[in-house]
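Chain by chain, the residues run as shown.
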Amino acid sequence: DLVYRLLKLGLKGFYYPEKVFVFHPSKDFDFNDYERAYKYGIGLGAFIRKHLKDFYGLVYFLKYCFIRPLGGIAVSLLCLNLIKTRLYINRFKGRWRGFLEYGKIGKY
């Protein structure tokens, strides 16, 4: 959110992909991933609600609160992958909760 707001103010940012290295250790799936998907979804939903002020924000909202999670649910169901289906459902629910409840203190 901070970087987004600074860029919207007209400040410049630099990104050097050859200088950035991010390592995420491989881990086995566990049921905490469902909760994490939901909580991350809340954050993204709140971010979208906060910045939904122009056409770009509307497109972002539609893409990330509707199209991607519902598409993920549909593809996962077609592949009979119930683990991914549940993850996408939790993302979808979290994004909507974050979007609908953004600004309500103490609700998360």
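All values derive from a computational prediction rather than experimental measurement.

J.: How should I be thinking about the nonpolar core in this particular structure?
T.: Generally speaking, nonpolar side chains in soluble globular proteins are found buried as a group. Formed by Leu44, Ile48, Phe61, Tyr64, Cys65, Trp96 and Phe99, the largest nonpolar core amounts to 7 residues. Element by element, the count of residues in this core is highest for helix H3 (residues 55–78), at 3 residues.

J.: When you look at the packing of aromatic side chains in this model, what are you seeing that I'm missing?
T.: For any pair of aromatic rings, the description rests on two quantities: the centre-to-centre distance and the angle between the ring planes. Applying the stated criterion to the full structure yields 8 aromatic pairs. Aromatic pair Tyr4 and Phe47: ring centres 5.3 Å apart, planes at 75 degrees, arrangement edge-to-face. Of this pair, Tyr4 sits in helix H1 (residues 2–8) while Phe47 sits in helix H2 (residues 32–50); the two residues are 43 residues apart in sequence, bridging distant segments of the chain. Under the relative-accessibility criterion, Phe47 is labelled partly exposed at 22%. Aromatic pair Phe92 and Trp96: ring centres 6.4 Å apart, planes at 65 degrees, arrangement edge-to-face. Here Phe92 pairs with Trp96, and both are found in helix H4 (residues 82–101), just 4 residues apart, close to one helical turn.

The rules we used
- Residues numbered from 1 in each chain as written.
- Predicted model: local features only at pLDDT ≥ 70, side-chain atom pairs only at ≥ 80, totals over all residues.
- Heavy atoms only, no water.
- Core = buried A, V, L, I, M, F, W, Y, C linked by side-chain atoms within 4.5 Å.
- Buried < 20%, exposed > 50% of the residue type's maximum accessible area, 1.4 Å probe, protein only.
- Helix = DSSP H or I, 4+ residues; strand = E, 2+ residues; numbered from the N terminus.
- Phe/Tyr/Trp six-rings, centres within 6.5 Å; stacked < 30°, edge-to-face > 60°.

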